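# Understanding the architecture of this molecule
These are the residues of each chain, in order.
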Amino acid sequence: MAYNHKQIMVDTKSRLTSGHRMCAGCGAPAVARMILRAVKPEDHVVVSNATGCMEVSTFLYPYTAWTDSFIHTAFENAAATLSGVEAAYKSMKATGKLPEDKDTKFIAFGGDGGTYDIGLQSLSGAMERGHDMVYVCYDNGAYMNTGIQRSSATPKFADTTTTPAGKVVPGKMQSRKDLTKIMVGHHLPYVAQTLALNNFKDLYEKAEKAIYTKGACFLNVMAPCPRGWGYNTEDLMRN
Ligand SMILES: Cc1ncc(C[n+]2csc(CCOP(=O)(O)OP(=O)(O)O)c2C)c(N)n1
Ligand code: SF4
Ligand SMILES: [Mg+2]
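The notes below deal with the structure included here. (Residues numbered from 1 in each chain as written. Chains lettered and ligands numbered in written order. Predicted model: local features only at pLDDT ≥ 70, side-chain atom pairs only at ≥ 80, totals over all residues. Heavy atoms only, no water.)

## Remarks on the overall build of the protein chain
Condition: Every helix listed is a DSSP run of H or I at least four residues long, and every strand listed is a run of E at least two residues long, numbered separately from the N terminus. Atoms counted for the radius of gyration: C-alpha only. Globule rule: 2.2 Å times residue count to the power 0.38. Any residue under 20% of the maximum accessible area for its type is buried, any over 50% is exposed, and the rest in between are partly exposed; the area is computed with a 1.4 Å probe on protein chains only. Contacts were defined at the residue level, with two residues in contact if any of their heavy atoms lie within 4.5 Å. Every accessible area reported is derived by Shrake-Rupley at a probe size of 1.4 Å, with residue values counting cover from the shown protein chains alone. For the purpose of charge, His is not counted, nor are the chain termini; Lys and Arg are scored as positive and Asp and Glu as negative. Think of each charge as sitting on NZ of Lys, CZ of Arg, CG of Asp or CD of Glu.
A tally of helices and strands in the protein chain yields 10 helices and 8 strands. Over its C-alpha trace the protein chain gives a radius of gyration of 18 Å, about what one expects of a compact globule, namely 18 Å for 239 residues. Across its three principal directions, the C-alpha atoms of the protein chain cover 65 × 40 × 40 Å. In the protein chain, buried positions account for 49% of the 239 residues. The contacts of the protein chain with a sequence gap of at least 6 include a subset with a gap of at least 24, amounting to 69%. Just so you have it, the protein chain exposes about 11900 Å², and 56% of that area is on carbon and sulfur atoms. Between the centroid of the 26 positive side chains of the protein chain and the centroid of its 22 negative side chains there is a distance of 3 Å.

## Focus on the pattern of salt bridges
As a reminder of what qualifies: Here, a salt bridge means any side-chain nitrogen of Lys or Arg that lies within 4 Å of a carboxyl oxygen of Asp or Glu.
Across all of its chains, the model carries 7 salt bridges by this definition. Measuring nitrogen to oxygen at the nearest pair gives 3.4 Å for the salt bridge that ties K201 to E205. Of this pair, K201 and E205 both sit in helix α8 (residues 200–211), 4 residues apart, which is roughly one turn of that helix. Note on E205: relative accessible area 34%, which makes it partly exposed. The salt bridge involving D202 is made with K206; its shortest N-O contact spans 3.0 Å. One end of the pair is D202 and the other is K206, both in helix α8 and 4 residues apart, which spans about a single turn.

## As for the packing of aromatic side chains
Counted only if it meets this: Whether two aromatic rings pair depends on their centres lying within 6.5 Å, for rings of Phe, Tyr and Trp, where Trp uses its six-membered ring; planes under 30 degrees apart make the pair stacked, over 60 edge-to-face, and the rest tilted.
Applying the stated criterion to the full structure yields 8 aromatic pairs. Arranged with centres 4.8 Å apart and planes meeting at 25°, the rings of F59 and F70 form a pair that is stacked. Residue F59 is located in strand β2 (residues 59–60), and its partner F70 is located in strand β4 (residues 69–73); the two are separated by 11 residues in the primary sequence. Summarising the aromatic geometry, the rings of W66 and F109 are spaced 5.8 Å apart at their centres and angled 40° between planes, so their arrangement reads as tilted.

## Digging into unusual backbone geometry
Going from Y61 to P62, the amide bond is cis rather than trans, its omega being 10°. As for its position among the elements, P62 is in the loop between β2 and β3 (63–64). Backbone geometry places F157, a non-glycine residue, at a positive phi of 75°. Residue position: F157 is located in the loop between β6 (134–139) and α7 (179–184). On the basis of relative accessibility, which here comes to 47%, the residue F157 falls in the partly exposed class. A positive phi is found at H187, a non-glycine position, where the angle reads about 55°.

## Section: the sheet that holds β6
The cut-off we apply is this: Strand pairing is assigned whenever DSSP identifies at least 2 bridges connecting the two strands. Axis definition: a line fit to C-alpha positions, over the contact stretch in the case of helices; interaxial angles, taken between N-to-C directions, run 0 to 180 degrees.
Reading across the sheet, the 6 strands line up as β4-β1-β5-β6-β8-β7 and stay open at both edges, with parallel pairing between neighbours. Both edges of this open sheet fall to β4 and β7 (190–195), since each of them pairs with a single strand only. Within the sheet, the average angular offset between the axes of one strand and its neighbour, ignoring direction, is 15°.

## A short note on empty space enclosed by the protein
In plain terms, the rule: Grid points spaced at 1 Å over the protein atoms alone were grouped into cavities, where a 1.4 Å probe fits but cannot get out, and pockets, open sets with protein on both sides within 12 Å along at least five of seven lines, with lining residues defined by an atom within 4 Å of a point. Grid points are joined across faces, edges and corners, and a volume is the space filled by probe spheres set on the points. Only Asp, Glu, Lys and Arg are considered charged in this grouping, and only Ala, Val, Leu, Ile, Met, Phe, Trp, Tyr, Cys and Pro are considered nonpolar; every other residue, Gly among them, is considered polar.
With the rule as written, the count across this model stands at 1 cavity of 30 Å³ or more. Taken as a whole, the largest cavity spans an internal volume of roughly 60 Å³. Contributing elements (two or more residues each) for the lining of the largest cavity: β5 (104–111) and α8. Counted by class, the lining of the largest cavity contains 6 nonpolar, 3 polar and 2 charged residues.

## A few points about the state of the cysteines
Each disulfide consists of a covalent bond between the sulfur atoms of two cysteine residues. Here is the rule we go by: The disulfide criterion is simple: two cysteine sulfur atoms within 2.5 Å.
Scanning all chains against the criterion turns up 0 disulfides. Here C137 is not disulfide-linked; the sulfur of C26 is the nearest cysteine sulfur, at 13 Å. Judged by relative accessible area, C137 falls into the buried class, the value being 0%.

## Description of the coordination of the magnesium ion (ligand 3)
Definition in use: Here a donor is any nitrogen, oxygen or sulfur atom (N, O, S) within 2.8 Å of the metal, with 3.2 Å used for Na, K and Ca; water is not among the atoms considered, so some sites may look incomplete.
For the magnesium ion (ligand 3), the full set of protein donor atoms is D112 (OD), N140 (OD1) and A142 (O), and the range of their distances to it is 2.1 Å. Here the donor residues of the magnesium ion (ligand 3) are spaced in sequence according to D-x27-N-x1-A. Linking D112 in helix α5 (residues 112–117) with A142 in the loop between β6 and α7, this pair joins segments that are 30 residues apart in sequence. Accessibility classification places D112 together with A142 in one group, the buried group.

Right under this line is the structure:
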């Protein structure tokens, strides 16, 4: 169906507000904003966020940049926590404790460290059990929040603080893990990957499909980090 994406950007209120403390030019908030724009205004969201740059910079009790319900989870269990919340909502609806007609969407955000590495078993379990939720990995290619350490999403030969490129070693020596393929191997109703910048329409459409497809869905979104990638903000944001 034809639609005007630019108009949606103008008309839809951001569910992740300004005032958070992520670096200027960071791709992660753009990912969250665009994905949440795909939620219908009348629907409520429970967000679960693994520790990482996004989590520590958008929520510090009692302050929050999220307009929906938000759960700070540990580094390793964003998917497990949200799967429990989804099951609880289902049970409360079945027992009449929540109205049947109110639609709540369950969306987890985790960085590549929290998703490719430490949260992988939690993600795999939640996806395999088929909870009605979306897991979004914002992949900036390293553990940025703790000082740009390599993760299994870091590309081969990338220069990180734990894989410094120099005369002896040319950076990270291992290939990047293909997490999207691993998710495809879980036989989910919808799996997609895309970029945070340059093609917001693609991100928006994939988010809408993931959020409104029943069952466990996965989105892998590459998100630039000016600090970790060694770019000036204006060079990244110009495109
Ligand atoms: C069990 C555990 N180990 C280590 C940490 C420290 N820690 C907090 S955030 C973080 C890096 C997160 O990296 P990533 O998930 O890629 O998110 P990014 O910071 O890049 O957005 C680490 C190692 C922690 N909070 N918990
Ligand atoms: S260090 Fe990188 S990922 Fe973290 S807030 Fe800054 S730009 Fe974003
Ligand atoms: Mg990261």
